[in-house]
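Structural overview for review
If you want the building blocks of each chain, they are given just below.
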Amino acid sequence: MSSPPVPGYRFAAPFEIPAASPIRSLVPYANRPGTISMAGGYPATELFDVEGLNAASAKVGARLAACLQYSNIEGQAALRAQLARLSAERGIQCDPDTELAVTGGSQQSLALLARVMLQPGDAAIIESPCFPNSRQALRHTGATVHAVPSGPDGIDLDALEALAARVQPKLVSVVATFSNPCGATLSLARRRRLLELAARYRFLLVEDDPYGELRFEGETVPPLAALAEGEQRNWVAYISSMSKTMAPALRIGWMIAPAEVRRRCVGAKAADDMASSAWIQEIVAQYIEDGRYHAHVPRIREAYAGRCDALARALTEELADRVTFRKPQGGMFCWARFNGDIDAGKVLPYAIEHEVVYVPGKAFYPDPAQADVSAMRLSFATMSAAEIRQGMVRLRAALQAYAEGRPVSVTLPA
C-alpha cells in the first residue's frame, strides 16, 4: 500500500528539515540486555537520593493544597531563595527577585535566552564540538549560528575574537567547566579574557554549567558570572540545572541574567509553559533547605571520581596503543580518539556487535566537514568499574574485528 501524500505544510525555516538526534538513535542498541553503554549523558540511577526526595516530598505533601495552583512564572519564592544561596556558594551574587528565574532545566534557560536575544539576520556563536541540543536552541530562532573550535582546553579564544569582530554576534554560548562532549575546563586566565571579549564586542555570554559541582580533581575555577566585574556583569548570563546533581525528571534549572534580560525571558516562558510545577519546585526547595543537597553532591562526586579513574585505567591498559585521551577532572564524559586514520563511526557497528556503545565524535560538530572523525565520547557515570573494564575489553575486540575487515551485521544511518 502506498503512503498517503504529505500535505503541503509551510514549516518555519529551521524546521523544514528536522534534525535527527545522532545520540538518541543509539538508544535501541544501548538498551539491549547485556550491552555496556557509554553513550548516554545520564546520571547514575542508583545514586539518586530517593530517601531524601521522599522526605522532602512528605513535608511538602503536608501542605499540598498550597502547591497545586499555578506557580509564579519566574519560580516559587522559596526555590528562588534557595537557588540564590546555592549560586552565592559558587561565587555568584544575585537578586532572586529581579535576576534569577526558575526554568524547566538549563536547556529551557538557553532556549529562552536565545529567543529574547536572537532573530533571523542575527549571529550567534557556539563551541565546536558541542551538545547538539544547545546548537538547536540557537538555530531555532532563525539566527545564523557560527562555530568556533574547542578542545581539551576549551573554546579557542583567538578564533572567537576574530569571528566576533567579523560577524558581531549577539550571543555566545559556552560550557566553561567539564564541557559536553570534551570534558574541558577553561583556565582562570582564559575566563577573564572571555569576559573582556563579551564586554568589548557587546555579546551576551551564556555560561551553561550543569557539571560544575562534579569536580573530583584539581583546583576549582569560579564560574564566569562570579568573575565578571563592572561593565562585564551586563554581558553575562549563568544557567544551571538540578538534572545532573539531583534527578533529570525534576526538570528544574535556573538562570541568572541582567534584570532586563531576565524580565524578557520570564515573558517568553509565560508563552511556553506558563510556569514550572509549583509542587516540584517546593520539593526541591525543601530538599535543599533540609541539607540533603549538600550531603548528596559529595556522594555522587566520589562515585564519579572512582568511575572516571576506572575508565582512565582501562583505556590505558586495554587500548594504550590504540587510543589517545586526556583524563577529565570532573563531569561525566571523557573525550578520546582512535590513533591513526580510524573512523569512530565505522568502528561503532563492530562495537555494537561486541555489546559496547559510545557516541562518535562527529555527532557533536555543527559542521560535519570540520569533525574529528576519529573522536568519540565515553560516559563513565552509569557504569561500575567492572563494567567499564569489560567495556574497554570489548572495544579492543571490536577494533580488532574492524581492522581485520570482518563482516558486520549492524547497519547504522549515515
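The preceding data block contains the structure.
Description of the structure in this document. Since the structure is predicted, the reported quantities are computational estimates derived from the model, not experimental observations.

Concerning the side chain of Asp208
For Asp208, the location among the structural elements is in strand S7 (residues 204-208). One buried charged side chain, Asp208, makes no salt bridge at all; its nearest oppositely charged neighbour is Lys244, positioned 8.4 Å away. Excluding its chain neighbours within four sequence positions, the residues that come into contact with Asp208 are Ser106, Ser134, Val174, Val175, Ala176 and Ile239.

As for the sheet that holds strand S3 (residues 123-128)
In spatial order, the strands read S2-S9-S8-S7-S6-S3-S4-S5; together these eight strands make up an open sheet with mixed pairing. Two strands bound the open sheet, and with one partner strand each, they are strand S2 (100-103) and strand S5 (154-155). Strand direction decides the pairing type here: S2 and strand S9 (residues 253-256), joined by four bridges, are antiparallel. Bridge assignment links Thr103 to a residue of S9, and that residue is Gly253. Across the face of the sheet, helix H9 (residues 259-272) comes into contact with S2, S7 and S9 while running at roughly 25° to S2.

Considerations on the pairing of strand S11 (residues 333-338)
With five of six residues buried, S11 lies mostly within the body of the structure. In the sheet, strand S10 (residues 323-325) pairs with S11 via three bridges, with the strands oriented antiparallel. What sits directly across from Val323, in S11, is Phe338. In the sheet, S11 pairs with strand S14 (residues 375-379) via five bridges, with the strands oriented antiparallel. Within the sheet, the bridge partner assigned to Trp335 lies in S14 and is Arg377.

Parameters and conventions
Residues numbered from 1 in each chain as written. Predicted model: local features only at pLDDT ≥ 70, side-chain atom pairs only at ≥ 80, totals over all residues. Heavy atoms only, no water. Helix = DSSP H or I, 4+ residues; strand = E, 2+ residues; numbered from the N terminus. Buried < 20%, exposed > 50% of the residue type's maximum accessible area, 1.4 Å probe, protein only. Lys, Arg positive; Asp, Glu negative; His and termini not counted. Salt bridge = Lys/Arg side-chain N within 4 Å of Asp/Glu carboxyl O. Contact = heavy atoms within 4.5 Å. Pairing = 2+ DSSP bridges. Axes fitted to C-alpha atoms, helices over the stretch in contact; angles between N-to-C directions.

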